[in-house]
Amino acid sequence: MTKTLNYRACHLCEAICGLTIETTATDDAGLQITSIKGDAQDSFSRGHICPKAVALQDIQNDPDRLRHPMQRVGSEWQAIAWEDAFALVAERLAAIQERHGQNAVAVYQGNPSVHNYGLMTHSNYFLGLLKTRNRYSATSVDQLPHHLTSHLMYGHGLLLPIPDIDHTDFMLILGGNPLASNGSIMTVPDVEKRLRAIQARGGKVVVVDPRRSETAAIADQHLFVRPGGDAALLFGLLNTLFSEGLTRDSHLPVDGLEEVRQAVSGFNAEAMSPLCAVPAAQIRQLARDFAAARTAVCYGRMGISTQAFGTLCHWLVQLINLISGNLDRVGGALCTEPAVDLVASTSGGHFNQWQSRVSGRPEYGGELPVSALAEEMLTEGEGQVRALVTVAGNPVLSTPNGRQLEQALDGLEFMVSIDLYINETTRYADLILPSTSALENDHYDTTFNMFAVRNVSRFNRAILPKPEGALHDWEIFVGLAKAFAARTGKELKPTMAPAQMIDFGLRAGRYGDASAYKLSVASLFDHPHGIDLGPLKSNLAPRLKTANQRVQAAPPAILADLARFAAQQVPVADELLLIGRRHVRSNNSWMHNYHRLVKGKPRHQLLMHPEDLASRGLNDGQRVRVSSRVGAIEVEVLGSVEMMKGVVSLPHGWGHARPGVQMTIAMGQPGSSANDLTDEQQLDELSGNAALNGVPVTVAAA
Ligand SMILES: Nc1nc2c(c(=O)[nH]1)N[C@H]1C(S)=C(S)[C@@H](COP(=O)(O)OP(=O)(O)OC[C@H]3O[C@@H](n4cnc5c(=O)[nH]c(N)nc54)[C@H](O)[C@@H]3O)O[C@H]1N2
Ligand SMILES: Nc1nc2c(c(=O)[nH]1)N[C@H]1C(S)=C(S)[C@@H](COP(=O)(O)OP(=O)(O)OC[C@H]3O[C@@H](n4cnc5c(=O)[nH]c(N)nc54)[C@H](O)[C@@H]3O)O[C@H]1N2
Ligand code: SF4
Ligand SMILES: [Mo]
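Residues numbered from 1 in each chain as written. Chains lettered and ligands numbered in written order. Predicted model: local features only at pLDDT ≥ 70, side-chain atom pairs only at ≥ 80, totals over all residues. Heavy atoms only, no water.

*Asks:* Explain the overall build of the chain to me, please; I cannot follow it from the model alone.
*Replies:* Check the secondary structure of the chain and you find 27 helices and 31 strands. Here the chain has a C-alpha radius of gyration of 25 Å; the compact-globule value for 702 residues is 27 Å, and the two agree. Along the three orthogonal principal directions, the C-alpha set of the chain runs to about 70 × 65 × 50 Å. Evaluated residue by residue, the chain yields a buried proportion of 62% over its 702 residues. Contacts spanning at least 24 positions in sequence make up 74% of the contacts within the chain whose residues lie at least 6 apart. If the 62 positive side-chain charges of the chain are averaged to one point and the 71 negative ones to another, these points end up 3 Å apart. (Helix = DSSP H or I, 4+ residues; strand = E, 2+ residues; numbered from the N terminus. Rg over C-alpha atoms; globule rule 2.2 N^0.38 Å. Buried < 20%, exposed > 50% of the residue type's maximum accessible area, 1.4 Å probe, protein only. Contact = heavy atoms within 4.5 Å. Lys, Arg positive; Asp, Glu negative; His and termini not counted. Charge placed at Lys NZ, Arg CZ, Asp CG, Glu CD.)

Written out as structure tokens, the structure is:
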């Protein structure tokens, strides 16, 4: 038996860990995966790996994973030829647009859209032809406030300063749990070692979270915060830095700092404390500790994006780094210099140039908030959405009020999903077009190299051959584009494979033909363990894309949101607020079908503080009914002193017991969907991002 060792990165999550994958030739001249390990020689991940990478072989071999295009005929699924499928999609979408206008077709792009380069390079080849304003994605249940803040302050939504975790002396983390998520908008394989290294060099890690998370458990200090209260806490920090003279001059050109100082002058720690439930003395002390550190960085993630003041939170994070002298500074927050640079090759974006039809939610970068998707389908009138294209997404489990979306999907005239499974969302489709699997694809990470804590580059070659009759995601888009162009008489520009595009990008980039590195796809073949291009450096000033090339500390759109903040209700006594959580063995909604990842004790329970259980007469392990404005679910509850009192935690991505789902193992341990409770009307109104955290709920015996 011939065994071969292959090297490539895992791109299931943002950490891009290097893998060593052993393949063995089978009797029928095929290849099978015989082992997946961390690649100790990887220049970036140094052997780090998590259990999901090992499950790549389970994805590969999963009998439930679709291998052929499927058409739904009544409640049955039947195989259909690719060309027939493309022609059918083109016919149905074109006919609906002819009858009801271009916006009658909506598009939803899910999370793997940024983890698979074929989806990055070619989705728009087809989707762009639809010319619909009803574009949606997982961005608006995730990191939209990061992009909007950078767009308004730095002139480009992708100029996102990344924590310089390897050099900082003080890391303040709000609403991120990198020990479970492996880091986000901070590509950092091996995050636990890097956090412990901060402590080993005498620095500090402080975590702010309504749950004593895995990351909080290893931190030097953990502060409980009331869900949704982070903007108040951050205002208190910023105000203390200003009022106690704890600021440091920045080398960056900045406009609007005086306006900021005045705008936050009323938001002192004492005034903010009741809103965030952090004692004023602790807010002030945290500001002093942060300012006293030689270098420090404030980092906020998912937990503070998906809340009612998500954009204010991220703006305040930027300002705290800026006025403490830590923005664009080694040991603080730095922008990357990737080999393929999307900041250089794309425009800065636009915001609120148009709004959603029913609720007037703002677009960002051509997309509308996904919280508005169901109402755009359910509300009659001109412009009503009647057809949907989903790409690598499962919005029924991922977006607020999933039950309402199900009702809306049920009423569509046509739906097509580019996806690997018949799941909670795609079961509503008329056609499912499955692509090759991750190990059958080549890949270059244009997204997460933008956010990596070191500048690195690697080209990932496919490990397994493409099965006969299979298509890569990008080829599916080319097929759809050709059929749609033919049906509608539109002109189609020629395209090329993703690898060729990356080759152009690499050669034109800062490590390309004009540099000593001479990076190209071919030259990266000589670096199977990736190539390290060095630590992050100060570089923001020349890269600013604002009109006057200066940091805008006080964007008018953000200052205008301060009135909404000031008008918020003071918390009610006895409130119970729902938040989310992640586990290292899970990945959003779609990785519960692999025995290796779901075996052992269940991980989908509701966590609640023991005193909150007792005051409701509930017992640990009991089945409870959790209710919110939009719906109710049943789930087991676990008493946990990790939880802040008045807060319950439920992971999203569960709830597989829905009729028609064809994911055998996931259905065996289905859990319930957190997004049957989250509320499509609870938003960060400025950006339109969903407020998935801080949802008022009640819990009672089932
Ligand atoms: N309550 C709550 N809700 C949340 C969150 C939360 O923390 N709490 N988190 C939010 C976040 S951060 C995100 S990013 C979203 C995710 O939301 P979504 O992106 O909508 O959901 P995923 O579960 O990532 O679904 C991925 C889909 O892509 C398919 N897929 C996987 N790989 C490929 C591929 O290579 N090609 C194709 N064509 N399809 C593929 C899978 O089968 C699956 O159907 O959920 C959000 N929802
Ligand atoms: N294992 C695993 N890894 C993943 C994913 C996964 O599903 N599983 N998903 C990937 C994706 S798509 C993303 S976007 C990233 C997300 O990566 P992270 O941003 O690190 O997300 P979480 O792990 O959900 O951590 C969010 C933390 O915020 C806390 N939190 C909730 N509400 C609040 C609040 O109001 N204030 C504060 N301060 N904290 C709050 C939660 O308790 C939780 O500990 O992870 C990625 N990596
Ligand atoms: S942390 Fe796990 S899922 Fe994420 S890239 Fe690394 S091995 Fe893959
Ligand atoms: Mo995400």
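Text resumes after the structure shown.
*Asks:* Got a minute to help me understand the nonpolar core in this structure?
*Replies:* Nonpolar side chains in soluble globular proteins tend to end up buried together. With 98 residues, the main nonpolar core has Leu-172, Leu-195, Leu-234, Phe-235, Trp-315 and Phe-565 as its most contacted residues. Setting aside anything within four residues of it in sequence, one finds Leu-195 in contact with Ile-165, Met-171, Ile-173, Leu-179, Val-205, Thr-215 and Ile-218. Within the second largest apolar cluster, 36 residues are counted, among which are Ala-104, Tyr-125, Leu-129 and Val-389. (Core = buried A, V, L, I, M, F, W, Y, C linked by side-chain atoms within 4.5 Å.)

*Asks:* Can you help me understand the pairing of strand 13 (residues 297-300) in this one?
*Replies:* Regular strands place side chains that alternate from one sheet face to the opposite one. A two-sided burial pattern is seen for strand 13, the buried positions comprising Val-297 and Tyr-299 on one face and Cys-298 and Gly-300 on the other. Across four bridges, the pairing between strand 9 (residues 170-174) and strand 13 is parallel. Residue pairing for strand 13: Leu-172 is matched across the bridge by Cys-298. (Pairing = 2+ DSSP bridges.)

*Asks:* Which parts of the structure should I look at to understand the packing of aromatic side chains?
*Replies:* The geometry of two aromatic rings is summed up by the distance between their centres and the angle between their planes. Per the stated rule, a full pass over the model turns up 12 aromatic pairs. Each ring, one from Tyr-511 and one from Tyr-517, has its centre 5.3 Å from the other, and the planes form 85°; the classification is edge-to-face. Overall, Tyr-511 belongs to the buried group, its relative accessible area being 6%. Here a set of aromatic residues connected by ring pairs shows up, and it is made of Phe-235, Phe-267, Phe-309, Trp-315 and Phe-565. Over the ring of Trp-354 we find Arg-133, and its NZ or CZ is 4.1 Å from the ring centre. The ring of Phe-525 carries the charged tip of Arg-461 above its face, separated from the ring centre by 3.8 Å. (Phe/Tyr/Trp six-rings, centres within 6.5 Å; stacked < 30°, edge-to-face > 60°. Lys NZ or Arg CZ within 6 Å of the ring centre and 35° of its normal.)

*Asks:* When you look at the side chain of Arg-135 in this model, what are you seeing that I'm missing?
*Replies:* Structurally, Arg-135 is set in strand 7 (residues 135-137). No salt bridge is formed by the buried Arg-135; its nearest oppositely charged neighbour, Glu-367, is found at 5.6 Å. Here the side chain of Arg-135 touches Asn-124 through a polar contact of 2.8 Å, side chain to side chain. (Salt bridge = Lys/Arg side-chain N within 4 Å of Asp/Glu carboxyl O. Polar contact = N/O pair within 3.5 Å; in protein donor to acceptor, adjacent residues only side chain to side chain.)

*Asks:* Can you help me understand the sheet that holds strand 11 (residues 221-223) in this one?
*Replies:* Read across the sheet, four strands follow the order 11-10-9-13 without closing on themselves; strand pairing throughout is parallel. The open sheet terminates on both sides in strands that have one partner only, identified here as strand 11 and strand 13. Looking at each pair of strands side by side, their axes are set apart by 15° on average, direction ignored. (Axes fitted to C-alpha atoms, helices over the stretch in contact; angles between N-to-C directions.)

*Asks:* What's the story with helix 20 (residues 498-508) in this structure? I'm lost.
*Replies:* Residues that lie three or four places apart on an α-helix share one face, since the helix turns once every 3.6 residues. Among all positions in helix 20, only Pro-498, Ile-502, Asp-503 and Leu-506 are buried. Down the axis of helix 20, the smallest arc covering the buried residues is 140°, so these residues share one side. Exposed and facing more than 90 degrees away from the buried side of helix 20 are Phe-504 and Ala-508. Looking at the buried residues of helix 20, the elements they touch are helix 4 (117-130), strand 20 (454-457), helix 19 (473-488) and helix 21 (521-524). (Arc of directions from axis to C-beta.)

*Asks:* Even after reading the chapter, I still don't get unusual backbone geometry, so can you show me in this structure?
*Replies:* Generally, phi is negative for residues other than glycine and the peptide bonds are trans, each holding for most cases. Positioned with a positive phi, Ile-16 is a non-glycine residue whose angle comes to about 40°. In this structure, Asn-401 takes a positive phi of about 55° despite not being glycine. Checked against the element boundaries, Asn-401 lands in the loop between helix 17 (395-398) and helix 18 (402-410). Take Asn-401: its relative accessible area is 7%, and that puts it in the buried class.

*Asks:* Looking at this structure, I do not really get the pairing of strand 2 (residues 18-25). What am I missing?
*Replies:* Burial within strand 2 is extensive, with seven of its eight residues counted as buried. Where strand 1 (residues 3-9) meets strand 2, seven bridges bridge the pair, whose relative direction is antiparallel. Opposite Asn-6, over in strand 2, you have Ile-21 as the bridge partner. Sheet analysis places strand 2 next to strand 3 (residues 31-38), joined by seven bridges and oriented antiparallel. Counted as the bridge partner of Thr-20 is Lys-37 from strand 3. If you look at the hairpin formed by strand 2 and strand 3, you'll find five residues sitting between the two strands, and Ala-29 has a positive phi there, around 65°.

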